[in-house]
Amino acid sequence: MISKAIEEAGKVILGKEHQIRLAVACLVAKGNLLIEDLPGMGKTTLSQVLAQVFSLSYKRIQFTSDLLPADILGVSIYDKDKGDFTFKAGPIFAQLILADEINRASPKTQSALLEAMEEGQVTVEGETRPLPDLFFVIATQNPSTQMGTFPLPESQLDRFLMRIHLGYPPVEAEKQLLLGRRGAIAAKDIDRIVTPADLSMLQAQAAEVHLSGAVVEYILRLTHFTRQPGRFHTGLSPRGSVAIARSAQAWALIHGRDFVLPEDIQTVLPAVLDHRVHINSAQFGEDSGKASEVLLSRISISG
Amino acid sequence: MGFLPKMTNDDAVSLPKNTLAFLIVSHIVVITPHISKHSYWVISLVGLCLVWRIVSNMRHWPLPGKGVRFLLVISGFSAVYLAYGTVIGPLAGVGLLLLAYTFKLLEAKTVRDAHMVVTLSYFVVATAFLFDQAFSKALYLLFSCVVISAALISINQPSTHWKGSSKSAFYLVLKSLPIMVVLFLFVPRIEAFWSIQFDNHHARMGLSDEMSPGDIARLGENDSVAFRAKFERNIPLPAERYWRALVLDDFDGRRWRHADRGVELRSLSKKDQDATKRQGSEYNAWFLNRRDQGDNYFRYKIIMEASDKPWLFALDWAHPLSANINMDDGFSLSVAKPLTEPFVYQVESLSSTTLTGPPDGMHWQYQRKRNLKLPASGNERSRQWAENVRKESGSDEAFISQILAHFREQKFYYTLRPPLLGTDSIDQFLFTTRRGFCEHYASTFTFLARSVGIPARVVVGYQGGEQSSLDNYLLVYQFDAHAWAEVWLPKRGWVRVDPTAAVSPARVEKGIEDALGDSRRFLANSPLSLLRYRDIPGVRRLRHSIDYLRMLWIQKVVGYNGRLQTDLFYKLFGSSSTKTVMLVLLGGLSSLLFLIFIFDVYSKRKPRMPPEQRLYLRFCRKLSKRGFNKGVSEGETAFAHRVAVNSPEMAEGVLRITALYVQINYRPLDRDGVGRKQRVNQFRKQVSAFSV
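Residues numbered from 1 in each chain as written. Chains lettered and ligands numbered in written order. Predicted model: local features only at pLDDT ≥ 70, side-chain atom pairs only at ≥ 80, totals over all residues. Heavy atoms only, no water.

What follows deals with the overall build of chain B. Within chain B, the secondary structure is distributed over 27 helices and 18 strands. Here the contacts in chain B between residues at least 6 apart in sequence split such that 72% fall between residues at least 24 apart. Surface accessibility of chain B: about 35,400 Å² in total, with carbon and sulfur atoms responsible for 60%. (Helix = DSSP H or I, 4+ residues; strand = E, 2+ residues; numbered from the N terminus. Contact = heavy atoms within 4.5 Å. Areas by Shrake-Rupley, 256 points an atom, 1.4 Å probe, with all protein chains shown as cover.)

What follows covers the overall build of chain A. Each helix and strand in chain A was counted, giving 13 helices and 9 strands. Against the compact-globule benchmark of 19 Å for 303 residues, chain A has a radius of gyration of 20 Å, which places it among compact chains. Within the span of chain A, comprising 303 residues, buried residues form 50% of the whole. For chain A, contacts bridging at least 24 residues in sequence account for 76% of all contacts bridging at least 6. For chain A, the computed accessible surface area is about 14,100 Å², with 52% contributed by carbon and sulfur atoms. (Rg over C-alpha atoms; globule rule 2.2 N^0.38 Å. Buried < 20%, exposed > 50% of the residue type's maximum accessible area, 1.4 Å probe, protein only.)

Residues and elements named next belong to chain B. Relative orientation of the contacting elements helix 5 (residues 90–107) and helix 6 (residues 111–127) amounts to 155°, with a least axis distance of 9 Å. By the angle between their axes, helix 5 is roughly antiparallel relative to helix 6. The handedness of the crossing between helix 5 and helix 6 comes out as left-handed. Counting all contacts with helix 5, which are made through Val 94, Leu 97, Leu 98, Ala 100, Tyr 101, Lys 104, Leu 105 and Glu 107, the residues of helix 6 involved are Asp 113, Met 116, Val 117, Leu 120, Ser 121, Phe 123, Val 124 and Thr 127. A class-by-class count of the residues in the contact of helix 5 with helix 6 yields 11 nonpolar, 2 polar and 3 charged. (Axes fitted to C-alpha atoms, helices over the stretch in contact; angles between N-to-C directions. Parallel < 35°, antiparallel > 145°, perpendicular 65-115°, else oblique. Left-handed = near helix turned anticlockwise from the far one by under 90°. Nonpolar A, V, L, I, M, F, W, Y, C, P; charged D, E, K, R; others polar.)

What follows is about the domain arrangement of chain A. Residue and element names in this part refer to chain A. As far as domains go, chain A holds domain 1 (2–189) and domain 2 (209–298). When each unit is reduced to the centre of its C-alpha atoms, the spacing between domain 1 and domain 2 is 25 Å. Tallying the contact residues gives 22 residues for domain 1 and 20 residues for domain 2. If you sort the residues of domain 1 by the area they bury against domain 2, Asp 158, Leu 161 and Arg 163 come out on top, with a joint share of 34%. Counting the contacts that link domain 1 with domain 2 gives 3 salt bridges. Arg 239 is the salt-bridge partner of Glu 118, the closest N and O atoms lying 3.0 Å from each other. The tally of links from domain 1 across to domain 2 stands at 11 residue pairs in polar contact (both at pLDDT 80 or more). (Domains from an automatic or database assignment. Buried area = accessible area lost by both parts, 1.4 Å probe. Salt bridge = Lys/Arg side-chain N within 4 Å of Asp/Glu carboxyl O. Polar contact = N/O pair within 3.5 Å; in protein donor to acceptor, adjacent residues only side chain to side chain.)

Many authors give the size of an interface as the accessible area that is lost as the parts come together. Contacts between the two partners involve 18 residues from chain A, matched on the other side by 15 residues from chain B. For the pair chain A and chain B, the summed buried area comes to about 1,300 Å², and 55% of that belongs to carbon and sulfur atoms. The largest per-residue losses of area from chain A upon contact with chain B belong to Phe 259, Glu 263 and Ile 301 of chain A, which jointly make up 33% of the total buried on that side. Connecting chain A to chain B are 4 residue pairs in polar contact (both at pLDDT 80 or more).

All names here are of chain B. According to the stated counting rule, one finds 34 salt bridges over all chains in the structure shown. For Lys 175, the salt bridge is made with Asp 600, and the minimal N-O distance between the two is 2.9 Å. Of this pair, Lys 175 sits in helix 8 (residues 162–186) while Asp 600 sits in helix 23 (residues 578–605); the two residues are 425 residues apart in sequence, bridging distant segments of the chain. Judged by its relative accessible area of 23%, Asp 600 is partly exposed. The residue Glu 348 makes a salt bridge to Arg 299 at a minimum N-O spacing of 2.6 Å. Of the two residues, Glu 348 sits in strand 11 (residues 343–350) while Arg 299 sits in strand 6 (residues 297–304), which places them 49 residues apart along the sequence. Judged by relative accessible area, Arg 299 falls into the partly exposed class, the value being 27%. Residues participating in the shared-partner salt-bridge network are Glu 232, Arg 291, Asp 292, Arg 299 and Glu 348.

Our next topic: helix 6 of chain B. The end-to-end C-alpha separation of helix 6 of chain B is 25 Å, in line with the 24 Å expected for 17 residues at 1.5 Å each. Every buried residue of helix 6 of chain B is listed here: Val 111, Asp 113, Ala 114, Val 117, Val 118, Leu 120, Ser 121, Val 124, Val 125 and Thr 127 of chain B. (Expected span 1.5 Å × (residues − 1).)

Attention now goes to the sheet that holds strand 1 (residues 33–36) of chain A. Strand pairing in a sheet relies on backbone hydrogen bonds. The paired strands run either parallel or antiparallel. Residue and element names in this part refer to chain A. If you walk across this open sheet you meet the 5 strands as 2-5-8-1-9, and the pairing is parallel. Two strands lie at the open edges of the sheet, namely strand 2 (58–62) and strand 9 (162–164), each paired on one side alone. Each strand axis lies, on average, 20° off the axis of its neighbour in the sheet, ignoring direction. Sheet topology places strand 1 next to strand 9; 3 bridges connect them, and they run parallel. Counted as the bridge partner of Ile 35 is Ile 164 from strand 9. The strands that helix 2 (residues 17–28) touches are strand 1, strand 8 (136–141) and strand 9; relative to strand 9, the one it contacts most, it runs at about 160°. (Pairing = 2+ DSSP bridges.)

All names here are of chain B. By size, the foremost hydrophobic cluster in this structure holds 82 residues, and its most contacted members are Trp 243, Phe 313, Phe 407 and Val 487. Element by element, the count of residues in this core is highest for helix 17 (residues 438–451), at 7 residues. Aside from chain neighbours lying at most four places away, what touches Val 487 is Ile 400, Phe 445, Ala 449, Ile 454, Pro 455, Ala 456, Gly 493, Trp 494, Val 495 and Val 497. (Core = buried A, V, L, I, M, F, W, Y, C linked by side-chain atoms within 4.5 Å.)

Residue and element names in this part refer to chain B. With an omega of -20°, the peptide bond running from Asp 316 to Trp 317 counts as cis. Summarising the element assignment, Trp 317 is placed in the loop between strand 7 (314–315) and strand 8 (318–320). Positive phi, close to 65°, is recorded for Asp 308, a residue that is not glycine. Structurally, Asp 308 is set in the loop between strand 6 and strand 7. Given the relative accessible area of 21%, Asp 308 is considered partly exposed.

Moving on to the sheet that holds strand 11 of chain B. All names here are of chain B. With antiparallel pairing, 6 strands are arranged side by side in an open sheet as 8-11-6-2-16-15. Sheet topology places strand 8 and strand 15 (466–467) at the edges, where each strand pairs with a single neighbour. By the bridge criterion, 8 bridges tie strand 6 to strand 11 in an arrangement that is antiparallel. Its bridge partner being in strand 11, Phe 298 is matched across the sheet by Ser 349. On top of the sheet, helix 12 (residues 270–292) reaches strand 6, strand 8 and strand 11; it is set at about 65° to strand 11, its chief contact. Across the sheet, helix 21 (residues 537–558) is in contact with strand 2 (225–231), strand 6, strand 11, strand 15 and strand 16 (473–477); its angle to strand 16 comes to roughly 100°.

In this section: the packing of helix 3 (residues 40–59) of chain B against helix 5 of chain B. All names here are of chain B. Remark: helix 3 packs on helix 5, axes separated minimally by 9 Å, with the N-to-C direction vectors making an angle of 10°. Relative to helix 5, helix 3 is oriented roughly parallel. Residues Val 42, Leu 45, Val 46, Cys 49, Leu 50, Trp 52 and Arg 53 of helix 3 form the contact with helix 5, whose participating residues are Gly 95, Leu 98, Leu 99, Thr 102, Phe 103, Leu 105, Leu 106 and Glu 107. Here the residues of the contact of helix 3 with helix 5 sort into 11 nonpolar, 2 polar and 2 charged.

What follows covers helix 2 of chain A. Residue and element names in this part refer to chain A. The end-to-end C-alpha distance of helix 2, which contains 12 residues, comes to 16 Å, matching closely the 16 Å that a straight helix rising 1.5 Å per residue would cover. Most of helix 2 sits inside the fold, with 10 of its 12 residues counted as buried. Regarding helix 2, the residues found buried are Gln 19, Ile 20, Arg 21, Leu 22, Ala 23, Val 24, Ala 25, Cys 26, Leu 27 and Val 28. Downstream of helix 2 by one or two residues, Lys 30 has phi in the positive range, about 60°.

On to a positive patch on the surface. Among the surface-exposed residues, Arg 614, Arg 618, Arg 621, Lys 625 and Arg 684 of chain B lie close enough to one another that they form a single positively charged patch. Here Arg 684 of chain B lies in helix 27 (residues 676–689). (Patch = residues over 30% accessible without salt bridge, like charges linked within 9 Å, V, L, I, M, F, W, Y side chains within 5 Å. Lys, Arg positive; Asp, Glu negative; His and termini not counted. Charge placed at Lys NZ, Arg CZ, Asp CG, Glu CD.)

This is the structure we're talking about:
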């Protein structure tokens, strides 16, 4: 089922199978996804495809510098006929939200979204309203070097389970793109493979995937390494280490296993770790690369 | 001054429940070996206090007040006095110590008291060695130390579970064992201090220095080991195994006694007194002469159990090699004091096959008188009969063979349960009952010989011995006890005559259990004796192994004395001066402590790798011979695929082994019912079988 879904999504987004798998793993692990890339790389398409494949209701919020929290959450409007206020739900009351260019909005608006993500409910005008059970946010972000952006602070980034980059498509895929829509399929045309009920079940299964003692030790070693003074600007939070475990569990599940291998951890590690911790280049040298690279080359798998 | 810790706080803290339970358990453990050694007065007082403490703790009674405690102390002293008639001396001392220890437990209220009780426990444990130094006892006392140490740990860490405290105590005692060995080997031995004599309440079974009919038969029921003889080269044949203990040369008509030499010596003339003094050196000269002329001789070591008697055992004709062993005019060996603990000595013996004793020159007139002496009257019929036989036979030798032939040809029986004999016991046995054990035959024969003027005497000792299946030594049991006769013949000296052998040759050739023929009779009163099941080969070996351990224990540990220690120092360090002793002790102890310290640090630092990890590393070492080195952070499966791609001929094995490792290390346990242990074993086999 899962592999079929991934295959179906691959029909639209050409040559990005790994990123699709990570996105699906993130969805199965009940996490939220941050896609960071330049405009026009297919971020929007990816989220549309996921919504379609998993049969989720889909809303898109385009973040701009003048977007207000009420624009996301909804407002109460006076109804003349009833003589009362009625709540007009905002776009956040959907199962899959695409928060496009989240770093273009003001911090106040950003945090309204992030709090909703974290708590699974929103409070509007003193009244608490629950969000759907399946609630998945894909936020996209332009690289912070672009003009007119409010970069998300690290504490906010921590709330995203994974951050992925799409990157340029491979030559073959781009060639097909240029050859026009012949052969290629639009997002709305692909089949719905997974029902929301199936997805709930998968999420429950992912939490049951076996984490052996050896694997837990490995995660602890990775985490411990980041917390040594001087190596990283900040160490990995407990939420971060839980994120590694959950992502690896989901990754193992969508690859048909009911137990986690060290390789699962290694595969998801860049997506889970690199937006959370940043290496201290004074310690490792300028060209030391990302935090995950340092960890993967240094931390041994067994003892 | 707030920063100073309150040192006395700890002492006033009352005892946690756990600790008290531990103290009570260790008290029971410590007291147990003493129960059989002490009088009921003392033991029941100890038990009463213990029960009191347990009940008062359960019912939350207050602890005994001053008056009660005073009363207890008084009754303690009275109990010891009642039991031993004194309050000083080792046994009474230990009794008082036991009571003091128990009273302290009864009144223990604070942590400080508990420490006191623990210290006393260690002390009481050590005193158990004063009574018995057996191997099993040593093991038990080590166990006691573990229990006491666990109690000590629980005093200081009251929240630890009892299993945890016991485990740490066990390791603590284990770590202290090497220190114990060094102290045992090298601390200078002060001999005199420990040679305290204990009056033993339980007289040990064994030979005694007098013999009346039935005495030795009683030993026939006893299956404990009397001694062991470890031979340097060959072991004598069964018929040669006559272990002399003592000669009995004074007969009162019923009972044979070892004649009192002191009284006799004072009545001797000057010349005879000088002769007795020369006797020892003459015998030695004769022995050495015979030995050096190439007579067959045995050299062996006797490892004896405590007998409470001063005499030793040896084959005829013996020559002691160990110091401080005396030999009397009956050629039997003895030491100055009764042996209350196991004893080891070395002897040489001339082979007695020739049946020829020491030269006749060594038989003096006064001895002749002693060995011919009979009661003035009694057993007239036997005397008369002997007279007639002597007349018929013509010579002393012929007389002896005539008597033996009589025993052999007439209906005489060898039995452990002979009928009781009246006043003229010799007459009654010779002509009426004709059923007897060895002492009946030896006694009757000696009587007959004396009555016709042949100097004769009874010798008691052991005959036989079972060869151990473990080493070149003989085991001689109490039921091997035997009595035989010795006659003095001109030109030949003392000659051994065993009338029992004439009646029952099997007794001498094969041993008592064969001679009695009825194995249900033999050891009938000890159904649990391993000897009863001697026909089962495993049991035999087990019995021999147990005795072998015990023998080693007696020889190497109990028998380790100052002289052996000096020898050891010379052998290891070439000197036994005080300086050497100090250096060895200090060096040994400090290096041991250092090793223990290193061990502790190491074992805390590096937790032991689980077996599958070690096996996997072994697998990786094998692969690295082919140039495949696993990166530290390379996943096992990824590594296996890399190897498989690069050398397809190994792919199958590598993938299979890796899959198994992954299964053990990462999969949930209850997958297919195969236990983790079995999987690890399977993994071990596959890794061992794997080759590049």
